[in-house]
Amino acid sequence: MSHVLILGGDGYLGWPTAMHFSARGYDVTVVDNYMRRNACVEIDVGMLYPIPTLMERAKIWHERTGKEIKVLIGDLQEPEVMRSLFSGPLSYSWAVNSGFTGMPDTVIHYAEQPSAPYSLMDYKRADITITNNLRVTNNLMFAVRDYSRDTHIIKLGTMGEYGTPNIDIEEGWLEIEHNGRKGKFLFPRQAGSIYHTTKVMDTDLMWFGVRMWDLKVTDLMQGPVYGIETEEMKVDPRLKTLFNYDEVFGTIVNRFIVQAVCGYPLTVYGKGGQTRGYLNIKDTLQCVHKSEQSPANSGELRIFNQIMETFSANELAEKVHAVGCDLGYDVKINHIDNPRKEAEEHYYNPAYQGLIEIGVEPHYLTDEVISELMNLVAQYKQSIRTDVIFKGIKW
Ligand code: USQ
């Protein structure tokens, strides 16, 4: 049985990924230190509904399906914790009884502080973001180098690494002709937050590891993800993924859906021409799974742009407005002063064929999908906290 190790297995994407692989017969281990949950408590932003602990979720999954997801609670910033996952017999008390044997075939790296606004709240949060994201990535690179070079690393990158350049965005690489000579280089990066900057640095670390030690790395440059439900969550409502709609950890589509349901005017930042590539959480799972099935070669940094369609903030607001009004909600659109420093009108033309070519079948943001999401969110309407929707964390 192929062994998949998921770093950051408690998160919005980590837990659905764990169930997705487990349902398909993989041997799955998840590791997390609850950084995201603890940060939500610390800055008091709440989530749409309460979520059982990772241990409890694995237990529910086992009761319902008979399948086992092994759970390790540990901080991957500690090199010894990371190394113990690859070095065979485990010496840590938290792992002793897990039956985990080491040497994953694939490791999926989500173990990062994922929020751009969090990374710019203040110096302390910038430091937490940089320290966590870079140390975990570096620890992973060295653990694989030292113990398990055949392990395929699937790392989550972000489209925000490219910024919004005035040229077409390629899938990771760009051929450049200069003074009559040609070379292939990483596409120029110009991140718009400290968080996004750590993702650029992650990419550079892994590219170094690929060049020096022939590591096998797939980098998935993902856009903002939306959605709640994946196939496996239908097994039991307690298996739903965590869902943020606050300014710090919520992303735009999920936020607009919640805002429409609770009657909060949609928070379009500035002129609203900011265009990004989006994807359904179901497609994140497909993309990761297809990448696992056709791994990068030894000595290859393979990069895919993980988006399925592009929208401006205005287009998203219009879509949510139209569906919300059809469902009887009083949806208003509000343009508020942009707390971020970003281009509000710009050229945006990214390539994103690579994942389709390896078999991903996209879900699109149709009116039906928006209406399903609104109906799901409406079940929790009473617990929506409007005080966390906009605080104006400035860049
Ligand atoms: N925006 C609004 N109103 C809102 C929230 C966002 O107009 O209420 C705008 C932002 O100004 C931005 C765009 O929508 O131009 C996307 O913002 P976001 O908060 O949905 O996403 P972002 O901060 O870029 O980060 C999210 C995830 C991050 C992931 C990234 C992919 O938090 O983990 O890496 O999306 S990407 O944006 O392609 O880099």
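Details of the structure are given in the entry above.
Residues numbered from 1 in each chain as written. Predicted model: local features only at pLDDT ≥ 70, side-chain atom pairs only at ≥ 80, totals over all residues. Heavy atoms only, no water.

1. Brief notes about the nonpolar core
For clarity, the threshold we go by: Here, nonpolar core means buried Ala, Val, Leu, Ile, Met, Phe, Trp, Tyr and Cys residues that are tied together by side-chain atoms lying within 4.5 Å of each other. For each residue, the accessible area found with a 1.4 Å probe, counting protein chains only, is set against the maximum for its type, and the residue is called buried under 20%, exposed over 50%, and partly exposed in between. Contacts were defined at the residue level, with two residues in contact if any of their heavy atoms lie within 4.5 Å.
Ile 108, Met 374 and Val 377 are the most contacted members of the largest nonpolar core, which totals 78 residues. Apart from the residues lying within four places of it in its own chain, the contact partners of Val 377 are Leu 48, Ile 228, Phe 243, Ile 257, Val 258, Val 261 and Ile 384.

2. Details of the site of the ligand
Which entries qualify depends on this criterion: Note on definitions. A residue lies near a molecule or strand when any single heavy atom of the residue is within 4 Å of it. The term polar contact refers here to a pair of N or O atoms within 3.5 Å; inside protein, the definition further demands a hydrogen-donor-capable atom paired with an acceptor-capable atom, and it admits residues adjacent in sequence only when both atoms are side-chain atoms. Using the Shrake-Rupley algorithm and a 1.4 Å probe, accessible areas are obtained, with residue cover drawn only from the displayed protein chains. Runs of H or I in DSSP of at least four residues are treated as helices and runs of E of at least two as strands, each being numbered from the N terminus. Residue polarity is assigned by list, with Asp, Glu, Lys and Arg as charged and Ala, Val, Leu, Ile, Met, Phe, Trp, Tyr, Cys and Pro as nonpolar; anything else, Gly included, falls into the polar class.
Taken together, 21 residues are adjacent to the ligand, and Pro 114, Thr 158, Tyr 195, Thr 267 and Glu 342 come closest. In the environment of the ligand, an oxygen atom lies 2.4 Å from a nitrogen or oxygen atom belonging to the side chain of Thr 158. Take Tyr 195: an N or O atom from its side chain is 2.6 Å from an oxygen atom of the ligand. Relative to its free-state accessible area of 730 Å², the ligand is covered by the protein chains to the extent of 93%. At the level of elements, helix H7 (194-213), helix H8 (252-262) and strand E10 (266-269) are the ones that each hand at least two residues to the shell around the ligand. Per-element tally for the shell around the ligand: the top contributor is E10, with three residues. Broken down by class, the residue content of the shell around the ligand amounts to nine nonpolar, eight polar and four charged.

3. Overview of the pairing of strand E1 (residues 3-7)
The following threshold applies: Convention used here: a crossover is right-handed provided that the path from the first strand, over the helix, to the second strand proceeds clockwise when the strands point away from the viewer. Pairing between strands requires that DSSP locate at least two bridges from one strand to the other.
Among the five residues in E1, five count as buried, and that is most of the element. On E1, burial covers both faces: His 3, Leu 5 and Leu 7 on one face and Val 4 and Ile 6 on the other are all buried. The parallel pair E1 and strand E2 (residues 27-32) is bridged by helix H1 (residues 14-23), and the resulting crossover is right-handed. Pairing geometry for E1 and strand E4 (residues 106-109), over four bridges, is parallel. Residue pairing for E4: Leu 7 is matched across the bridge by His 109.

4. With respect to the sheet that holds E4
Under the convention used in this document: Axis lines are fitted through C-alpha atoms, for helices just across the contact stretch, and the angle between N-to-C directions can take any value from 0 to 180 degrees.
If you trace the seven strands from one edge of the open sheet to the other, you get E3-E2-E1-E4-E5-E8-E12, paired in parallel fashion. Two strands close off the open sheet at either side, each with one partner strand: strand E3 (69-73) and strand E12 (300-306). Direction aside, the axes of adjacent strands within the sheet are offset by 20° on average. Of the strand pairs in this sheet, E1 and E2 are connected by five bridges, and their pairing is parallel. Following the sheet pairing, Val 4 is matched in E2 by Val 28. Against the sheet, helix H6 (residues 123-147) contacts E1, E4 and strand E5 (152-158), and its axis sits at roughly 170° relative to E4.

5. What about the sheet that holds strand E9 (residues 225-226)?
Taken in spatial order, the three strands of this open sheet run E9-E11-E13, and their pairing is mixed. Edge positions in the sheet fall to E9 and strand E13 (309-312), since each has one partner strand and no second.

6. A look at helix H2 (residues 35-42)
For H2, every residue scored as buried is listed here: Met 35, Arg 36, Arg 37, Ala 39 and Cys 40. Looking at the buried residues of H2, the elements they touch are E2, helix H3 (54-65), helix H5 (116-119) and H6. Among the residues trailing H2, Asp 44 stands out with phi positive, at a value near 55°.

These values are about where atoms sit, not about what they do.
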